[in-house]
Amino acid sequence: MELLKEKIRREGYVLGDSVLKVDSFLNHQIDPVLMMEIGEEFARRFADAGITKILTIESSGIAAALTAGLKLNVPVVFARKKKSAIMNEEAYVTEVYSFTKQETNHVTVLKKFMPAEETVLIIDDFLANGEAALGLARIVEQAGSSVAGVGIVIEKAFQEGGKKLLEKGYNVESLARIASFSNGQVHFAEELVKA
Ligand code: 5GP
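A few points on the structure. (Residues numbered from 1 in each chain as written. Predicted model: local features only at pLDDT ≥ 70, side-chain atom pairs only at ≥ 80, totals over all residues. Heavy atoms only, no water.)

1. Notes on the environment of V22
This is how the line gets drawn: Numbering of helices and strands runs from the N terminus; a helix is a DSSP stretch of H or I covering at least four residues, while a strand is a stretch of E covering at least two. Exposure classes here rest on a 1.4 Å probe applied to the protein chains alone. A residue is buried below 20% of its type maximum, exposed above 50%, and partly exposed in between. Note on contacts: a residue pair qualifies if any of its non-hydrogen atoms lie within 4.5 Å across the two residues.
Structurally, the position occupied by V22 is in the loop between β2 (19-21) and α2 (32-45). Given the relative accessible area of 0%, V22 is considered buried. For the pair V22 and E11, spaced eleven residues apart in sequence, the C-alpha to C-alpha distance is 6.7 Å. If near-sequence neighbours (up to four positions away) are discounted, V22 is found in contact with G12, N27, F126 and I154.

2. Quick word on helix α3 (residues 62-72)
Restricting attention to buried positions, one finds in α3 the residues A63, A64, A65, T67, A68, G69 and L72. Looking at the packing, one finds that the buried side of α3 touches α2, β3 (53-57), β4 (76-79), β7 (119-127) and β8 (146-156). Phi turns positive, to about 60 degrees, at N73, one or two residues after α3.

3. Examining the packing of α2 against α3
Quick reminder of the rule: All axes here are fitted lines through C-alpha atoms, helices being fitted over the stretch that makes contact, and every angle between N-to-C directions spans 0 to 180 degrees. To sort the angles, those under 35 degrees are grouped as roughly parallel, those over 145 as roughly antiparallel, those from 65 to 115 as roughly perpendicular, and the leftovers as oblique. Note: crossing handedness is left-handed where the near helix turns anticlockwise from the far helix by less than a right angle, and right-handed where it turns clockwise. Residue classes follow a fixed rule: Ala, Val, Leu, Ile, Met, Phe, Trp, Tyr, Cys and Pro count as nonpolar, while Asp, Glu, Lys and Arg count as charged, and any other residue, Gly among them, counts as polar.
Two numbers describe how α2 lies on α3: the axes approach to 7 Å, and their chain directions differ by 55 degrees. In terms of orientation, α2 lies oblique with respect to α3. The hand of the α2/α3 crossing is right-handed. The residues of α3 that touch α2, namely those facing M35, M36, I38, G39, E40, F42 and A43, are A63, A64, T67, A68, L70, K71 and L72. Tallied by class, residues from the contact of α2 with α3 come to ten nonpolar, two polar and two charged.

4. Observations concerning the nonpolar core
Formally: As used here, the term nonpolar core means buried Ala, Val, Leu, Ile, Met, Phe, Trp, Tyr and Cys residues forming a set that is joined through side-chain atoms within 4.5 Å.
L4, I8, L20, I38, F42, I54 and I154 are the most contacted members of the largest nonpolar core, which has 34 residues in total. Going through the elements one at a time, α1 (2-11), α2, α3, β7, β8, β9 (172-182) and β10 (185-188) are the ones with two or more residues in this core. Ranked by size, the runner-up nonpolar core spans 25 residues in total, among them L55, V107, M114 and A133.

5. A look at the environment of T94
Looking at the element boundaries, T94 is found in strand β5 (residues 91-98). T94 sits 28 residues away from L66 along the chain, and the two C-alpha atoms are 23 Å apart. The contact partners of T94, leaving out residues within four places of it in the chain, are N105, H106, V107, G135, R138 and I139.

Below is the structure:
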């Protein structure tokens, strides 16, 4: 998605050798116009997948999931990273190791919001080692629903996540794929051509 790549080139900055900071439009401040375009692009790519629900994880996946949900006209559920005291209802819980925070979260979704037989699109802001997306997929499958696809805003293709998701048979659509960082510059990878 050219508009997104342009934004990353202009406003993203590289931390160390593997983290991209995009807090001016995705991870702290949010660009609503870009986010609408992102939602439209996800909706276009998954238009024929029969999606009935979107699942993301708080907090940075929510904006993109919301605009995709608006375009696909389906509800959006965000998994919580910690079970709160008021979530005193039956829930699916799975452990997810956070790449950026280097901590394990108990990712939680109330069962009433993830019933069986939904066709679920998983959306997240970044794909690195795949922990978050695989955790969300575990919840969908525990619920007796199916993962119709995984929509990622920015994939770091030099990490293992994309490969792990493809090995599990999931249809992954990443709007920007990064091949590498060098000297603070972002180098984009080609889009994966689907058969
Ligand atoms: P994974 O679970 O695929 O290892 O990592 C994805 C999660 O970690 C995303 O939900 C995102 O919040 C965070 N993340 C991973 N890499 C980056 C990065 O380079 N920049 C930012 N801002 N977040 C990242």
